[in-house]
Amino acid sequence: KKMPKTIVYFSPMTWVRLLWLLLVGVGPGSRAQQGTQPQSIKIEGDITLGGLFPVHSRGPAGVPCGEVKKEKGIHRLEAMMYALDQINSDPDLLPNITLGARILDTCSRDTYALEQSLTFVQALIQKDNSDVRCSNGEPPIIPKPERVVGVIGASGSSVSIMVANVLRLFAIPQISYASTAPELSDNSRYEFFSRVVPPDSYQAQAMLDIVKAMGWNYVSTLASEGNYGESGVDAFQQISREAGGLCIAQSIKIPREPKPGEFDKIIKRLMETSNARGVIIFANEDDIKRVLQAAKKSNLTGHFLFVGSDSWGAKISPIQDQEDVAEGAVTILPKRASIDGFDQYFTSRSLENNRRNIWFAEFWEDDFKCKLTRPGIKYELGRRKCTGDERISRDSQYEQEGKVQFVIDAVYAMAHALHSMHTDLCPGSMGVCDKMDPVEGRMLLQYIHGVNFNGSAGTGVMFNENGDAPGRYDIFQYQMSNISNPGYRNIGQWTNHLRLNLEEMQWSGGDRKIPESVCSFPCESGERKKMVKGVPCCWHCELCDGYQYLLDEFTCDMCPYDMRPLKNRTGCRPTPIIKLEWSSPWAIIPVFLAILGILATTGVIATFIRFNDTPIVRASGRELSYVLLTGIFLIYLITFLMIAEPSVAVCAFRRLFLGLGMCISYSAMLTKTNRIYRIFEQGKKSVTPPKFISPTSQLIITFILISVQLLGVFIWFGVMPPHTIIDYEEQKPPNPEFARGVLKCDMSDLSLILCLSYSLVLMITCTVYAIKSRGVPETFNEAKPIGFTMYTTCIVWLAFVPIFFGTAQSTEKMFIQTTTLTVSMSLSATVSLGMLYIPKVYVIIFHPEQNVQKRKRSFKAVVQAATVSTRLSQKSSDKQNGESKIDHCPFFAWKYRQIDSVS
């Protein structure tokens, strides 16, 4: 994968020093001849390899080198010398050829390492010495400098980059044992650079896989300023962008020379995105230690979850005294093994048998905390004197440094390449032949890229076209609980793909559950993600409300009209269908009233049929009474049709009988009141009876009025045949759990009112006639009861209208309206039955003595008597005159009753 490129620039001062060293420092009279040559280890051999190791740390300002580095410096340096010893003693590898070495100290500083590395190119610089003469005039004898065919090193990526730029100019191959910066994979700029450790691009991929395996999607990055830290973080960010699913909350750089309080500021910045608990850290040991110290100082122990690069690895020094803050940290380290042979070699080293290592005495003093007596060095008071009898591992703590294996593999890779080159160029030759003197660097590079052997740890050593070794990593976690000794525990490995034992992971306090490092927690069921602009891992959760369901993780959609969302809103389900059940309280009351009404109506009809020829039955107008009672019966009967389960037949009968019962009742009553009104109005004008007052005429008038209702219903049938519908809007409250589809007939509120409107017109007309006939004598057996019936019925229906339409928005609309309608119709029927017929039945059953025929008089006699009464009343006073107008009516009415009773 293409990594971001870092262009290395030499400062003007560096170029001046470089040119000076190249052109002046290696000639006669140079400082090499004056005893100022940099300290180095020289091992004689037929072929010389260069070595670059950070024997000392970076020195303070103005001083190139600091304290000796025991592990990264001495251990690695001794690993190279151990590998040379093994190769030189191996009869099958480079037989009869001895490998030598020139090993230099980089002092962990790139510029210093550049100056040191110029030693490797001295032999390749041609100089004109013709003008140089000795004091006797003879030309000087200048020893030919040793020729370095390849370099092992360096350690730090920044040092390797600086050195690689010089070695490339002179075609000297270089194999690093620790530099992992991704930019060193750029074959166009660092073609002579190879390494036995995988680049940070592999490491970054492994760290990304670890982060994803733990379910994190929101992390911060922390890098030490320099090639290693910045390149590692850049590689991690680029790979995460390409892979997707991971967001970087903060990307913080630790300065080379941090100011006081700098690490406290870093922790404060990390807490600005506190949800990003995971911290990907590419930093040196000192920076790691100070980050942990700052986190502890801020009382954030256990908050941050570190994922450390190989610079952290399985080292104790970065977490010393900060173990509680580092608990749970997951670190990565190129797959390695402890080399037993090196342990035996190194622990047997002493001041006597290791004089070839010019820095070993300094290591000895530091390792055993003693002081050697050396000429010119003043003895330090308070520090014990070294005896020379001390032994490594017995009198001091020893643990093999992690990169020892890779140093040995790097030396062996160079040896195998030389061996293959010697086999091809010098077949059968003992020692170095002319074709390998000198060794051509570009050819050697090709042999280096072609090596493939099992390294010191038994793993394969090989290089790809960019000079990179395959990625093989061990994954560790620092654990403190539930293990006998707190420390790093191997929890997995990465070799092109991740194998991580999540069940072996352990976090602060011994918790086995993996902590979360996410920008936004997963939305609950039925919630959609509303993404935060520019941050693909962050979102707000919004509930799909109302009748919406979760179409996908970002979208809410409405359920179809006949469905409602599931409780978890992941889909839709059919809306339950309901109807008015017979067992419902909304149905029980209307049915009870209807049954009582039907029984009462049946009783009245039976009584009238039984006493059909009695005066009271005959005087009530038998024919119209039976018609009116039929209408009342149908009004009660409609209750059962309104409550029955809707079907095509039920809906048809509803349309037919809903208005028919009332129409029959009010048509009969209207005919009666109209007849009474016309008779009395005609009686005031003449003695001739009005037309159409016979029973047959009354029936014809009634049926004509009824036919209008029937005609309207049949037209309705033709225009819109009856059918059932399921109304999903009627009971659709805000909470979809209460949504119901209502099975009903296709009768809207408007059509229902239109169906009843004709009956209401008849009722109102009848009421008008009842008002006009309010002066009829009290003893007249029809006018007054009809009037009271109409008044009461109007009140009932005036109460019905606001109840019916006022509940149109209620979720119980169907129940309320059906109950209101049926109860109102039953009440109006009951009023008609109670006021018109119950008194007659009472007299017929309980007072049969009153159900007798009176004396008959002609219509002419009645009119004459009414005329006499009128004349007498005119003689009374104005006050009495008003009374006489009322007084003559009983006589007239009584006479009319006699006439009517025999008609």
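Residues numbered from 1 in each chain as written. Predicted model: local features only at pLDDT ≥ 70, side-chain atom pairs only at ≥ 80, totals over all residues. Heavy atoms only, no water.

A count of helical and extended segments in the chain gives 24 helices and 27 strands. Counting only residues that meet the buried cut, the chain has 51% of its 903 residues in that class. Within the chain, contacts between residues separated by at least 24 positions form 68% of all contacts whose residues are at least 6 apart in sequence. (Helix = DSSP H or I, 4+ residues; strand = E, 2+ residues; numbered from the N terminus. Buried < 20%, exposed > 50% of the residue type's maximum accessible area, 1.4 Å probe, protein only. Contact = heavy atoms within 4.5 Å.)

Right, let's get into the pattern of salt bridges. As enumerated under the stated definition, the model contains 28 salt bridges in all. Across the pair Arg76 and Glu401 runs a salt bridge, and its minimum N-O distance is 2.9 Å. Of the two residues, Arg76 sits in helix α2 (residues 70-88) while Glu401 sits in the loop between α11 (360-368) and α12 (404-425), which places them 325 residues apart along the sequence. Note on Arg76: relative accessible area 3%, which makes it buried. With relative accessibility at 8%, the residue Glu401 sits in the buried group. For the salt bridge of Asp746 with Arg655, the shortest nitrogen-to-oxygen distance reads 2.9 Å. Note that Asp746 is positioned in the loop between β27 (740-745) and α19 (749-772) and Arg655 in helix α17 (residues 648-685), a separation of 91 residues in sequence. Take Asp746: its relative accessible area is 10%, and that puts it in the buried class. Ionic contacts of the salt-bridge type, sharing partners, join the residues Lys42, Arg102 and Glu146 into one network. (Salt bridge = Lys/Arg side-chain N within 4 Å of Asp/Glu carboxyl O.)

What follows concerns the sheet that holds strand β9 (residues 218-224). Spatial ordering of the open sheet is given by β10-β9-β11-β12-β13-β16-β17-β18, a layout of eight strands whose pairing is mixed. Both outer strands of the open sheet, β10 (247-254) and β18 (498-500), are each paired with one neighbouring strand and no more. Here the average twist between neighbouring strands, direction ignored, is 25 degrees. Note: β9 against β10, six bridges, orientation parallel. Paired with Ser224 across the bridge in β10 is Ile254. (Pairing = 2+ DSSP bridges. Axes fitted to C-alpha atoms, helices over the stretch in contact; angles between N-to-C directions.)

This brings us to unusual backbone geometry. In the segment running from Gly153 into Ala154, the intervening peptide bond is cis, with an omega of 0 degrees. Tracing the backbone through its elements, the reader meets Ala154 in the loop between β6 (148-152) and α4 (157-169). The amide bond that connects Asp437 to the next residue, Pro438, takes the cis arrangement and shows omega of 5 degrees. Of note in the backbone geometry, Asn299 takes a positive phi value of approximately 55 degrees without being a glycine. Along the chain, the position of Asn299 falls in the loop between α8 (285-297) and β12 (305-308). At Arg569, a position not held by glycine, the phi torsion is positive, near 60 degrees. Relative to the helices and strands, Arg569 resides in the loop between β23 (563-565) and β24 (572-574).

Moving on, we come to helix α22 (residues 838-846). Residues Lys840, Val841, Val843 and Ile844 constitute the buried set of α22. Axial view of α22: buried residues confined to an arc of 160 degrees, hence all on one face. Those residues of α22 that are buried lie in contact with α14 (585-610), α15 (615-619) and α21 (813-836). (Arc of directions from axis to C-beta.)

Turning our attention to the UniProt feature "transmembrane region" (unreviewed entry) in the chain. As recorded in UniProt, the feature "transmembrane region" (unreviewed entry) lies at residues 586-612, 624-644, 656-677, 698-719, 750-771, 783-805 and 825-847. Between the first and last C-alpha atoms of residues 624-644 the distance is 31 Å; the span itself is 95% helix and 0% strand. Taken end to end, residues 698-719 is 100% helix and 0% strand, and its first and last C-alpha atoms sit 32 Å apart. (UniProt positions renumbered as here; feature names shortened; annotations may be inferred.)

Right, let's talk about the side chain of Lys529 for a bit. Mapped onto the secondary structure, Lys529 falls in strand β19 (residues 527-532). With a relative accessible area of 18%, Lys529 lands in the buried category. Setting aside anything within four residues of it in sequence, one finds Lys529 in contact with Cys523, Trp539, His540, Glu553 and Phe554.

Moving on: helix α7 (residues 262-270). Of all the residues in α7, the buried ones are Glu262, Phe263, Ile266, Ile267 and Leu270. Considered in projection along α7, the buried side chains sweep an arc of 140 degrees and stay on one side of the axis. Opposite the buried face of α7, by more than 90 degrees, sit the exposed residues Lys265 and Lys268. Packed against the buried residues of α7 are β9, β10, β11 (278-282) and α8.

In this section: the state of the cysteines. All chains considered together, the criterion is met by nine disulfides. Disulfide pairing is shown between Cys65 and Cys107; the S-S distance is 1.6 Å. The disulfide joining Cys65 to Cys107 has a torsion of about 85 degrees about its S-S bond and is therefore right-handed. Of this pair, Cys65 sits in strand β4 (residues 65-68) while Cys107 sits in the loop between β5 (99-105) and α3 (110-117), and the two are 42 residues apart along the sequence. (Disulfide = S-S within 2.5 Å.)

On to the sheet that holds β5. Taken in spatial order, the six strands line up as β1-β5-β2-β6-β7-β8 in an open sheet, and their pairing is mixed. If you trace the sheet from one side to the other, it starts and ends with β1 (40-43) and β8 (193-195), each paired once. Put simply, the sheet's adjacent strands are angled 20 degrees from each other on average, direction ignored. Looking at chain direction, β6 and strand β7 (residues 174-176) are connected through two bridges and run parallel. The partner of Ile152 across the bridge, within β7, is Ile175. Strands in contact with α4 are β2 (47-53), β6, β7 and β8; relative to β7, the strand with the most contacts, it is inclined by about 170 degrees.

Taken together, the side chains of Phe592, Ile595, Leu596 and Leu599 make up a nonpolar region of the molecular surface, amounting to roughly 390 Å² of accessible area. Along the chain, Ile595 falls in helix α14. Note on Ile595: relative accessible area 38%, which makes it partly exposed. (Patch = residues over 30% accessible without salt bridge, like charges linked within 9 Å, V, L, I, M, F, W, Y side chains within 5 Å. Areas by Shrake-Rupley, 256 points an atom, 1.4 Å probe, with all protein chains shown as cover.)

Relative to the helices and strands, Asp468 is located in the loop between β15 (460-462) and β16 (473-479). In this structure, the C-alpha to C-alpha distance between Asp468 and Pro182, residues 286 residues apart in sequence, is 9.7 Å. Apart from the residues within four sequence positions on either side, Asp468 is in contact with Ser185, Arg195, Pro199, Met462 and Phe463. At a separation of 2.6 Å, a polar atom in the side chain of Asp468 contacts the side chain of Ser185. Only 2.8 Å separates the side chain of Asp468 from the side chain of Arg195, close enough to count as a polar contact. (Polar contact = N/O pair within 3.5 Å; in protein donor to acceptor, adjacent residues only side chain to side chain.)

Right, let's talk about the nonpolar core for a bit. In terms of nonpolar packing, the biggest core is built from 70 residues, with Met80, Leu99, Phe342, Leu418, Met436 and Leu444 touching the most fellow members. Listed in part, the 57 residues of the second largest apolar core include Leu624, Leu628, Leu752 and Cys766. (Core = buried A, V, L, I, M, F, W, Y, C linked by side-chain atoms within 4.5 Å.)

Right, let's talk about the confidence of the model for the chain for a bit. Scored by pLDDT, the chain has a mean of 83; 86% of the residues are at 70 or more. Helix α24 (residues 878-902) is the least confidently modelled element of the chain, averaging 40 in pLDDT, while β7 averages 97, the highest of any element. Ignoring residues within four places in sequence, the model shows residues 19-38, a span with pLDDT below 50, making 28 contacts including any to other chains. Confidence over residues 862-903 falls short of pLDDT 50; this stretch has 48 contacts with residues more than four positions distant or in other chains. (pLDDT = per-residue confidence, 0-100.)

Quick look at the packing of α14 against α22 now. It is the contact of α14 with α22, at a shortest axis distance of 10 Å, that shows an interaxial angle of 50 degrees. By the criterion of interaxial angle, the relationship of α14 to α22 is oblique. Where α14 crosses over α22, the handedness of that crossing is left-handed. Contacts between α14 and α22 involve Val604, Thr607 and Phe608 from the former and Ile838, Lys840, Val841, Ile844 and Ile845 from the latter. (Parallel < 35°, antiparallel > 145°, perpendicular 65-115°, else oblique. Left-handed = near helix turned anticlockwise from the far one by under 90°.)

With that settled, consider the pairing of β6. With five of its five residues buried, β6 lies for the most part within the structure. With α4 bridging β6 and the parallel β7, this β-α-β connection has right-handed handedness. (Right-handed = clockwise from strand over helix to strand, strands pointing away.)

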